[in-house]
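# Analysis of the macromolecular model
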Amino acid sequence: MKTCLLVVHIALLFTFCVPLKAQQRSIQALRLESGQRVELDGELNEAFWQLIEPATGFLQQEPIEGAASSERTEVRVAYDSQVFYLGVTLFDSQPDNILGFQKQRDASLLSDDRFMWILDTFRDGRTGYFFEINPAGLMGDGLLGTVTGVNKSWDGIWEARVSRGSYGWSAEIRIPFRTINFDPSNDTWGINFQRTVRRKNEETLWSGHLRNQSLFEPIFAGTVSGLRDMSQGIGLEVKPYGITTATSIREDGGGFDRSQDIDGGFDITYSITPSLRGAVSVNTDFAEVEVDQRRVNLTRFPLFFPERRDFFLEGSRVFNFAPRNGANPYFSRRIGLESGQQIPITYGTRLAGQEGPFDIGLLHVRTAETNALPVEHFTVGRVNRNFGEQSSIGFLFTRRASNDFEGEAFAPDRYTIGGDLEYTTSKLFGDRNFNFQAFWVWHNENTFDEISSNLDRTVRGLRFRYDNEPIILQASYREFGAFYDPAVGFNSRNAFKRIEPQVQFVPRLSKSSLIRDLNFRLAYENIWDLNNRVLTQGIDFRFLGIEFESGDNVFFSVEHANEILERDFNIYEDLIIEADRYEYTEWTSFFSTASRRKVSVFGIVSYGDFWTGTRTSYDLGLTVRPAPGISLSSNWEQNQVDLDQGSFTTNLYQFTGAWQLSPWISSTAIIQYDDVTELLTLFSRFRWTLRPGNDIFFIFSRNWENKFAGVNPERFMLRAFETGASLKVNYTHRF
């Protein structure tokens, strides 16, 4: 603890004593005259584009830090009272080798050439908007946070068109001012650009090109000036939806319960101020949300699944609490979901944004009564006070209140409060990155008869990270009380103290034409119970990692640990792991080929001790991209476990097929099966975006079960037990 505080003290001294070495870059935006307009076709053939001095002079971050980009890029900015425009020309000496496989919105672009940019509309160096496109016209976007990077769950209303020619490729981008929050009195925004030439594995940036800098950190952005008289309208957005559904569920007697329904609801969003936005959602529906990726759990701890629902993702950056520390006092999947099943949401309200130096978030949701749960009310409040260039101190409050259920009180009102401090600087020793976090959380009793102390229901900890290649240092310490279980949060383990320091060394091989860098990592973990008895001691050593210039990767690691299991747990069917002391060593190898290839593969193979025996694990994936807009991927996971208590094998199969006719029309199918639950599931979704904000979704799902599951393990026959189909229409109107 004292060592961590000393490091923070030294960091503060150097932060305020040494200035940044880089000089901020700037460009001027052109305000369009009456009658000047952009024909959004991807070709910069309007005369006014040539009147604008472009942003040029991109520098390499990879492979040669600080070298001039191998391909020229020009970015021009224009605007009128309603819209912010970008005109981008990406010259390429080998236009036939430009890569653009993906078309579906927000798809990963690790396989493609791409152009990315950010807008720091408040010029605070800590928050902003992220956008990206590729040569096939894909559009991706997200929200930026100081530590959390980019949150791609946000879908703004904007448009992009691309064009290709002998010069390379170009794009015209249209971002309505109603899509983003900004201070209308500020005539200068932060802005930055990054280009990827995938076949060369080359990354170039306009500003902040050093490897310890990032596009996703607005503190390193340049500026665009000359912005004036921009309008957000009256700031009102209405988004009604209509949905029709049909379901068929197998009953115990063998027949089917079939039902049809027509429903609707709406979302209303209003900009209370240019930087603070409120929303109301009535009869909220999430039919179009993709299913979770299935996983086989051979641990004694619950699995964490990310949020996918738009209402909770919008503005979620404000609610982040001590990221990467594992406390999770607010986890939105505790609202409207119970054991993976949806609970109807009657209404939800949300307020999120900025007001001066404060980040503000307020959420209230009411869920409907079900056979197992009463009506419940969820409230979440979050306030961050920003200070310095990238730092903040915050407060979080949650409340979960349950109505009476079947004539009796269901649970007491459950409250959680927490505070977190985050100190971040990019000026340590002049231009080094440093991050320090500290947090504390408490909640009251979850049941009427719970007997626990205040200390039992708290967590606290701190963490620091020095991330400057070739050396990366990190250490964290945390304590979790024996009864810590926030009612609107997530927790996987209680009653422990944990310290975890690690060091990573990433040397560059600048003279090699084959290998880009090596990667070595040593991590130590020590876990005690609350009486200071050692539960786990382990070392994880990555003794060789290689990133090739081609984009291929391999690494090899070994982990050795001693662990005391405090209580028995059921690992598989009737096999019990008994409380005892265990020692294990596990070897792991990983490989992946560059995603830019039409056929790419990855694999993780592990072998080692596992409780009373051994385990061999395989995780293998294959992706095929036969043509732009078509992607087929499969994944197979297997665990071969041999214990003194018995042996077993688990398998998980996943297949995803995607077809995108254009960035506006796409379809996806996900098939999953595992031999633990013996369930086969299909989820498919078709999306047609008529124009940004107006969508038609068709969703079809079907689930099959092994007819002989639990009866005769020698027999296998699938039968459908649940089928569903939905047609949903969203419409957005702005005032």
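First, a word on scope: everything that follows refers to the structure included in this document. (Residues numbered from 1 in each chain as written. Predicted model: local features only at pLDDT ≥ 70, side-chain atom pairs only at ≥ 80, totals over all residues. Heavy atoms only, no water.)

## Observations concerning the overall build of the protein chain
A tally of helices and strands in the protein chain yields two helices and 44 strands. For the protein chain, the C-alpha radius of gyration of 27 Å lies close to 27 Å, the compact-globule estimate for 735 residues. By its C-alpha atoms, the protein chain is 75 × 60 × 50 Å across when sized along the principal axes. Counting every position in the protein chain, which comprises 735 residues, the buried fraction comes to 52%. (Helix = DSSP H or I, 4+ residues; strand = E, 2+ residues; numbered from the N terminus. Rg over C-alpha atoms; globule rule 2.2 N^0.38 Å. Buried < 20%, exposed > 50% of the residue type's maximum accessible area, 1.4 Å probe, protein only.)

## Remarks on the pattern of salt bridges
Pairing between side chains becomes possible if they bear opposite charge and their charged atoms approach one another. Taken as a whole, this structure holds 48 salt bridges when the rule is applied. The salt bridge involving Arg-211 is made with Glu-62; its shortest N-O contact spans 3.4 Å. With a gap of 149 residues between them, Arg-211 in the loop between strand 13 (202-205) and strand 14 (222-225) and Glu-62 in strand 3 (residues 59-62) connect regions that are remote in the sequence. When its relative accessible area of 22% is taken as the criterion, Arg-211 is described as partly exposed. When its relative accessible area of 13% is taken as the criterion, Glu-62 is described as buried. For the salt bridge of Glu-203 with Arg-114, the shortest nitrogen-to-oxygen distance reads 3.4 Å. Separated by 89 residues along the polypeptide, Glu-203 in strand 13 and Arg-114 in strand 6 (residues 114-120) bring together distant segments of the chain. (Salt bridge = Lys/Arg side-chain N within 4 Å of Asp/Glu carboxyl O.)

## Side note on the nonpolar core
One recurring pattern in soluble globular proteins is that nonpolar side chains are buried together. Counting 38 residues, the largest nonpolar core has Phe-84, Trp-117, Ile-173, Trp-189 and Phe-193 as its most contacted members. Mapped by element, the contributors of at least two residues to this core are strand 4 (73-79), strand 5 (83-91), strand 6, strand 7 (128-133), strand 8 (139-145), strand 11 (168-176) and strand 12 (188-197). Not counting chain neighbours up to four residues away, the residues in contact with Phe-193 comprise Ile-27, Ala-55, Phe-58, Val-75, Leu-86, Phe-115, Met-116, Trp-117, Thr-204, Leu-205, Trp-206 and Leu-215. Ranked by size, the runner-up nonpolar core spans 26 residues in total, among them Phe-286, Phe-311, Phe-319 and Leu-363. (Core = buried A, V, L, I, M, F, W, Y, C linked by side-chain atoms within 4.5 Å. Contact = heavy atoms within 4.5 Å.)

## Some remarks on unusual backbone geometry
Each neighbour pair has its own omega, and for Glu-62 with Pro-63 the value is 0 degrees, a cis peptide bond. Along the chain, Pro-63 turns up in the loop between strand 3 and strand 4. Cis geometry marks the peptide bond from Glu-469 to Pro-470, where omega comes out at 15 degrees. Its location among the elements puts Pro-470 in the loop between strand 26 (458-468) and strand 27 (471-480).

## A look at the sheet that holds strand 11
As summarised here, the arrangement of the five strands in space is 2-4-5-11-10, forming an open sheet in which the pairing is mixed. Because the sheet does not close on itself, it has two edges, and the strands there are strand 2 (30-31) and strand 10 (159-165). Judged from the nine bridges that link them, strand 5 and strand 11 form a sheet pairing that is antiparallel. The partner of Leu-90 across the bridge, within strand 11, is Trp-169. (Pairing = 2+ DSSP bridges.)

## Description of a negative patch on the surface
A contiguous patch of negative charge on the surface is contributed by Glu-369, Asp-404, Glu-406 and Glu-408. Counting through the fold element by element, Glu-408 comes out in the loop between strand 23 (391-402) and strand 24 (414-428). On the accessibility criterion, Glu-408 (55% relative accessible area) is exposed. (Patch = residues over 30% accessible without salt bridge, like charges linked within 9 Å, V, L, I, M, F, W, Y side chains within 5 Å. Areas by Shrake-Rupley, 256 points an atom, 1.4 Å probe, with all protein chains shown as cover. Lys, Arg positive; Asp, Glu negative; His and termini not counted. Charge placed at Lys NZ, Arg CZ, Asp CG, Glu CD.)

## Some points on the pairing of strand 31 (residues 534-548)
Note: strand 29 (residues 515-518) against strand 31, three bridges, orientation antiparallel. What sits directly across from Leu-518, in strand 31, is Ile-546. Where strand 30 (residues 520-528) lies against strand 31, eight bridges are found, and the strand directions are antiparallel. Directly across from Glu-525, in strand 31, lies its bridge partner Gly-538. Counting the residues that bridge the hairpin from strand 30 to strand 31 gives five residues, and of these Asn-532 lies at a positive phi of roughly 70 degrees.

## Observations regarding the pairing of strand 21 (residues 358-367)
Of the two faces of strand 21, only one is covered, namely that formed by Asp-359, Gly-361, Leu-363, Val-365 and Thr-367; the face formed by Phe-358, Ile-360, Leu-362, His-364 and Arg-366 stays uncovered. Pairing of strand 20 (residues 345-355) with strand 21, which is carried by 10 bridges, proceeds in the antiparallel orientation. Paired with Ala-352 across the bridge in strand 21 is Gly-361. Hairpin connection, strand 20 to strand 21: the antiparallel pair is bridged by two residues, and Gly-356 has positive phi, about 65 degrees. As judged from the 10 bridges shared by strand 21 and strand 22 (residues 376-387), these two strands associate in the antiparallel manner. Pairing of Gly-361 across the sheet is with Arg-382, part of strand 22.

## Section: the environment of Ala-579
By the element assignment, Ala-579 lies in the loop between strand 34 (575-577) and strand 35 (580-592). For Ala-579, a relative accessible area of 35% puts it in the partly exposed group. Put simply, Ala-579 and Ile-472 are 107 residues apart on the chain and 37 Å apart in space, counted from C-alpha to C-alpha. Those residues in contact with Ala-579 that lie beyond four places of it in its chain are Leu-565, Glu-566, Arg-567 and Asp-568.

## As for the packing of aromatic side chains
Per the counting criterion, the structure on display carries 39 aromatic pairs. Through pairs of rings, three or more aromatic residues link up here, namely Phe-58, Phe-115, Trp-117, Tyr-129, Phe-131, Trp-154, Trp-158, Phe-193 and Trp-206. In this structure, Arg-350 packs its charged tip against the face of Phe-311, placed 4.9 Å from the ring centre. Cation over ring: Arg-493 sits above Phe-496, and NZ or CZ is 5.5 Å from the ring centre. (Phe/Tyr/Trp six-rings, centres within 6.5 Å; stacked < 30°, edge-to-face > 60°. Lys NZ or Arg CZ within 6 Å of the ring centre and 35° of its normal.)

## Regarding a nonpolar patch on the surface
A surface patch of nonpolar side chains, about 830 Å² in accessible area, is lined by Ile-471, Leu-473, Val-503, Phe-505, Leu-522, Ile-539, Phe-541, Phe-543, Phe-556 and Trp-587. Ranked by residues supplied to the nonpolar patch, first place goes to strand 31 with three residues. Within the fold, Ile-539 resides in strand 31. Judged by relative accessible area, Ile-539 falls into the partly exposed class, the value being 42%.

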